[in-house]
Each structure stands twice: as structure tokens, then as C-alpha cells.
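Coordinates in review
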Amino acid sequence: MTTFIQGFKEAILLIWSLDPTLLEIINHTLQVTLWALLFASVLGVPLGAMLGLTSFRGKGFVTTIIHTAMGLPPVFVGLVVYLLLSNRGVLGDLDWLFTRQGIVVAQTIIGFPIVMGLTMSSIQQVNHQYKTELLALGVNPFQLVLTMIQEAQKGIFVAIASGFGRIIAEVGAVMLVGGNIEGKTRVLTTAIVLETRQGRFDLALALGIILLGIAFCLHLVISGIQGRVATTLQ
Amino acid sequence: MSELYQLHDVTHRYGERTILTLPSLTIQQGETFALIGASGAGKSTLLRLLAMLETPSQGTVKIHLERAWYDGHQLPLAQRRKIGMVFQTPIMLTRSVLENLAFGLQIRGEKIVKARLMAMLEQLQLAHVATAPAYTLSGGEQKRLALGRVMILETEVILLDEPTANLDPTNIALIEGMLQKQQRTIIIITHNFFQARRLADRVGFLHNGELLEVGQAVPFFNQPQHPVTRSFLSGEMLF
């Protein structure tokens with residue numbers, strides 16, 4: 001219990017002192033998380049919506065693959081991205097190994113199936129009659145997808161929030177691809193692992209509390225955006 | 001009057017079940033055609049085929065638009081938009097009443113003139129709820145809005161699936177009044193014989209997926225030819 005109290009005090013002190021190292025770690029955490037979330041959403045929402053709206057042979061199999069990908073082991077993703085970005089990998093020329101761009105790639109791969117799978121499910125949950133009625137009103141395929149996304153927006157915001165939760169909490173892939181280099185690729189999760197390994201539990205806890213605080217604030221922002229979109233649509 | 005729809009040797013199945021068998025049917029431009037029949041007779045299926053939302057398992061459903069005949073496989077979007085349909089249980093978009101009304105115009109890229117929308121809402125007696133979310137409307141109000149959403153569009157035909165089912169006489173009178181003012185082709189499914197008599201030029205009776213009788217409204221109701229039609233119109237239970 002003492003460790004927890006100490007950790008909480010440490011967290012307040014760290015934030016209060018505006019420690020430059022901490023601010024840099026927070027900055028890097030936000031950068032990689034938000035970029036990865038943006039890519040995962042830009043790819044995942046339209047693709048999930050299209051999959052939710054279409055029927056084709058083998059859709060059940062594709063859905064099973066997506067559901068499997070929603071639970072992709074991060075360390076495995078990290079390993080694959082590491083191999084792709086390493087000097088001998090097909091993307092080696094990018095020189096993104098041990099960079100924040102590399103972390104964004106790994107986190108996008110982890111977050112994208114979650115956003116896509118949950119978007120697909122949200123669209124499928126919208127009454128089937130919606131699609132028929134929209135087609136009868138004369139929508140083109142693009143307008144159909146866009147309108148269905150608007151109609152399923154509550155579920156889609158949950159999809160984005162879930163993707164965000166998975167991305168910001170990610171450590172295994174980030175460690176492998178980013179390397180936890182101070183001032184370059186260290187983010188809150190990898191910093192927590194480092195401090196724990198070094199036995200500085202109170203500092204690790206403090207970083208964890210800050211991570212939770214950031215996640216809470218960003219979820220508030222997502223909820224706020226959702227509320228505003230909902231009001232606009234009504 | 002020229003022909004708007006031509007149906008030839010139409011059979012429609014869902015899986016193994018044959019829903020509709022229709023050797024031939026034509027619908028004229030500008031007429032009001034009522035479809036009557038018991039539940040499960042295939043009326044809504046026929047309406048979906050006419051709306052080109054489905055293509056028949058066999059045979060052809062063709063529509064004549066802008067000097068050309070089209071079937072469901074080759075109907076371009078621009079011509080598709082000439083067909084309007086009002087569903088039995090209409091879906092309201094998560095938007096205001098006004099935005100629901102404007103939706104069809106908006107997707108067609110047409111200029112949204114608020115005065116025109118408000119005039120339509122006045123006709124529908126919905127002007128007082130223009131800015132309310134559409135899902136807060138009552139069942140009758142939603143049906144009126146769904147009708148207005150299609151009527152405001154420049155469609156050649158309006159297909160209506162029981163537009164007045166479960167509505168009170170005031171709502172029924174309002175909707176019928178609006179339909180009677182229309183110059184375009186109207187195809188309406190109704191369980192209400194009196195309504196079919198009031199609105200339709202011609203009536204078709206569907207029974208177990210077969211169109212047993214088609215005729216001008218007055219002789220159809222006064223002297224039905226087919227024995228099953230006679231039984232149905234006299235209120236006998238048909239199985």
C-alpha cells in the first residue's frame with residue numbers, strides 16, 4: 001500500500017515539476033498513439049463499413065480472420081514489423097527501425113483490425129431495412145457507406161475508442177520496434193517496464209497513473225466529439 | 001397512356017420457396033394501381049421487384065424511363081432515382097425532420113430550398129416539428145414524413161407499401177388527399193378495399209404468389225371474375 005501511495009505522490013510531483021524528460025515521454029506517447037489511431041481509423045472505419053454492408057462468398061472466413069486479427073499478439077506484430085524494417089527486410093530502406101515511425105506502423109497494425117472489426121459489427125447491427133431504404137432513396141455506393149457510418153456512429157466511436165485503448169497500452173511491439181531509446185522512442189509503457197526492471201516501483205507506478213490520466217482525458221475528448229457529432233446529426 | 005412497367009414470365013424465389021409467379025403484367029404511365037391480397041401473397045415482394053431493389057429469379061421486370069427500357073441489371077443510378085418507394089415501416093435517419101425530408105434532394109446534389117421543404121412539411125402537417133429529431137415522431141407522423149421524403153423528389157413512380165396501415169382516419173385522409181393530387185404513376189399495396197376503390201384506376205389481386213385478377217377498379221369490386229377474388233372480397237378466410 002505504501003508503494004501505491006508513494007507512486008501517487010511521485011506522479012503528482014512529476015507532473016507538478018514539469019520534468020522535461022517526462023514531458024518528452026508524454027509527447028512521444030501522444031504522437032505515436034494519435035498517428036497510429038488516425039491511420040487505424042482512416043483505414044478501419046471505411047473498410048469495416050464496406051464489409052458490414054456487403055455479402056460475398058467467403059465472408060464468414062474473412063470475418064474469422066478479422067476476429068483473429070483483433071487479438072493479434074503484440075509481440076508477434078512487433079517481431080514481424082522488426083523483420084520488415086530491419087536492414088534485410090523489404091522495408092529496410094525506409095530506415096524506420098528504432099524510430100517513432102516504426103512504432104506507428106506496429107501500433108497501426110495492432111489497432112486497425114479492432115477498429116475495422118468493431119465498425120463492421122456496428123454497421124451490421126444497424127437495422128437491415130436502413131440499407132434497403134437508403135438504396136430506394138437513390139444513394140450511390142459512396143453515399144450508402146457514408147450514411148451508414150453516420151447511422152452507426154455510436155458503435156463506430158466505441159470501435160475507435162477500443163482501438164485507442166489497445167494502442168496506448170501497447171508495450172511488446174513498441175519495445176521490439178522502438179527499442180525504448182531515451183529521448184527518441186521511449187514512451188510511457190516502455191518507460192514503466194524499464195523503471196519496474198530497475199526496481200523503481202514508485203516511479204513506475206507514477207508513470208502508470210499518468211498514462212491512465214492521459215487515456216482518461218483522450219477518452220473524454222473522443223466522447224465529446226461523439227456527443228457533438230450526434231447533436232449535429234440530430 | 002404509354003406503358004411504364006412490363007413484366008414477363010416472372011418467378012421469384014427465396015431459397016427453395018417460390019414467392020411469386022407472374023406470367024405477365026403491364027402498368028401504364030400515370031395510373032394508380034392497387035395491389036390487394038392476403039398477408040404472404042407476395043405483394044411486398046412484387047413491390048421490391050418494381051422498385052428494382054431485387055431482380056427476379058427468372059423472367060424480366062422492365063421499366064420505361066426517358067425513352068428507354070431498363071431491367072434491374074442495367075438500370076443506371078440516374079434512372080434508379082426516378083423510382084420512389086415508401087416502406088410499410090419507414091426508417092427515420094438520425095437527423096431532424098427537415099433533414100430527413102431533404103435527404104433525397106441532398107444525395108441527388110439538388111439545391112435545398114428551405115421554403116420548398118417547409119411547404120411540403122405544411123402539406124404533411126409537420127411544420128411544427130421541423131427541427132425535432134425524426135425518431136421522436138409518432139408512427140403516423142413518421143409515415144407522413146416518409147411519404148413527403150419521396151414526394152418531394154422528381155420520381156416517375158411512387159411505390160407504396162401499406163402507407164396507411166394502423167393509422168387513424170385523419171392521417172389516412174391526409175395521405176390519400178396527397179396521393180390523389182399526384183400526376184405520376186402510383187402503385188400501392190393496401191389491405192383496405194375502400195381505399196383501393198377510392199384511389200386506384202386499376203386493381204390487382206395477388207393470391208399465393210399468383211396474380212389471379214387485374215381489372216378497372218369499379219368492375220373489379222362490383223363484379224369480380226375469379227371465384228377466389230369473389231371469396232376474398234366477401235371476407236371469406238382464404239388459405
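Residues numbered from 1 in each chain as written. Chains lettered and ligands numbered in written order. Predicted model: local features only at pLDDT ≥ 70, side-chain atom pairs only at ≥ 80, totals over all residues.

What follows covers the overall build of chain A. Helix and strand counts for chain A come out as 11 helices and zero strands. Across its three principal directions, the C-alpha atoms of chain A cover 65 × 45 × 30 Å. Going through the 234 residues of chain A one by one, you find that 39% of them count as buried. (Helix = DSSP H or I, 4+ residues; strand = E, 2+ residues; numbered from the N terminus. Buried ≥ 20, exposed ≤ 12 C-beta atoms within 10 Å, placed from the backbone.)

The helix and strand inventory of chain B stands at nine helices and 10 strands. A compact globule built from 239 residues should have a C-alpha radius of gyration of about 18 Å, and chain B, at 18 Å, falls within 12% of that. In terms of principal-axis extent, the alpha carbons of chain B reach across some 50 × 40 × 35 Å. Counting over 239 residues, chain B shows a buried share of 41%. Here the analysis covers contacts within chain B between residues at least 6 apart in sequence; of these, 65% occur between residues at least 24 apart. (Rg over C-alpha atoms; globule rule 2.2 N^0.38 Å. Contact = placed C-beta atoms within 7 Å.)

Residue and element names in this part refer to chain B. Two numbers describe how helix H3 (residues 97–107) lies on helix H4 (residues 114–123): the axes approach to 10 Å, and their chain directions differ by 110°. On the basis of the axis angle, H3 is roughly perpendicular to H4. Considering only the axes of H3 and H4, their crossing is right-handed. For the pair H3 and H4, contact is made by Leu-98, Leu-101 and Ala-102 and by Leu-117, Met-120 and Leu-121, respectively. Here the contact of H3 with H4 is built from residues that sort into six nonpolar, no polar and no charged. (Axes fitted to C-alpha atoms, helices over the stretch in contact; angles between N-to-C directions. Parallel < 35°, antiparallel > 145°, perpendicular 65-115°, else oblique. Left-handed = near helix turned anticlockwise from the far one by under 90°. Nonpolar A, V, L, I, M, F, W, Y, C, P; charged D, E, K, R; others polar.)

To continue, consider the pairing of strand E9 (residues 202–207) of chain B. Residue and element names in this part refer to chain B. With four bridges connecting them, strand E3 (residues 32–36) and E9 associate as parallel partners. Directly across from Ile-36, in E9, lies its bridge partner Phe-205. As defined by bridge partners, E9 adjoins strand E10 (residues 210–216) across six bridges and the pair is classed as antiparallel. If you follow Arg-202 over to E10, its bridge partner there is Gln-216. A loop of two residues connects E9 with E10, the two strands running antiparallel in sequence, and Asn-208 in this loop sits at a positive phi of about 50°. (Pairing = 2+ DSSP bridges.)

It is worth spelling out the interface of chain B and chain A at this point. Across the contact, 18 residues belong to chain B and 16 residues belong to chain A. Broken down by secondary-structure element, the contributors of at least two residues to the side of chain B that touches chain A are helix H2 (77–80) and H3 of chain B. Counting residues per element, the side of chain B that touches chain A draws most heavily on H3(B), which supplies three residues. Along the lines of polarity and charge, the residues of the side of chain B that touches chain A split into 11 nonpolar, three polar and four charged.

Turning next to the confidence of the model for chain B. Here chain B averages 93 in pLDDT, while 98% of its residues score no lower than 70. Model confidence for the complex: the whole-complex pTM is 0.83, and ipTM, which rates the interface, is 0.91. (pLDDT = per-residue confidence, 0-100.)

With 26 residues, helix H5 (residues 100–125) of chain A should reach 38 Å at 1.5 Å per residue; the first-to-last C-alpha distance of 37 Å fits that figure. The sharpest bend along H5(A) comes to roughly 30°, located at Gly111(A), with the proline Pro113(A) sitting one to four residues further on. (Expected span 1.5 Å × (residues − 1). Bend = angle between axes of the 7 residues up to and from the residue.)

Quick look at the nonpolar core now. The biggest cluster of nonpolar side chains holds 69 residues, and the ones touching the most others in it are Ala34(B), Leu50(B), Leu101(B), Leu159(B) and Ile187(B). Of all the elements, H3(B) adds the most residues to this core, at six residues. Listed in part, the 55 residues of the second largest apolar core include Ile109(A), Ile160(A), Val174(A) and Leu207(A). (Core = buried A, V, L, I, M, F, W, Y, C linked by C-beta atoms within 7 Å.)

Residues and elements named next belong to chain A. Summarising the element assignment, Gly-165 is placed in helix H8 (residues 153–168). Classification of Gly-165 as partly exposed rests on a count of 16 C-beta atoms within 10 Å. Residues Gly-165 and Ile-12 lie 153 residues apart in sequence; the distance between their C-alpha atoms is 23 Å.

Moving on, we get to the pairing of strand E1 (residues 3–14) of chain B. All names here are of chain B. As defined by bridge partners, E1 adjoins strand E2 (residues 17–28) across 10 bridges and the pair is classed as antiparallel. Paired with Leu-7 across the bridge in E2 is Leu-25. Between E1 and E2, which pair antiparallel one after the other, the connecting turn spans two residues, and Gly-15 there sits at a positive phi close to 65°. The pairing of E1 with strand E4 (residues 58–65) spans five bridges and is antiparallel. Among the inter-strand pairings, His-8 is bridged to a residue of E4, identified as Thr-60.

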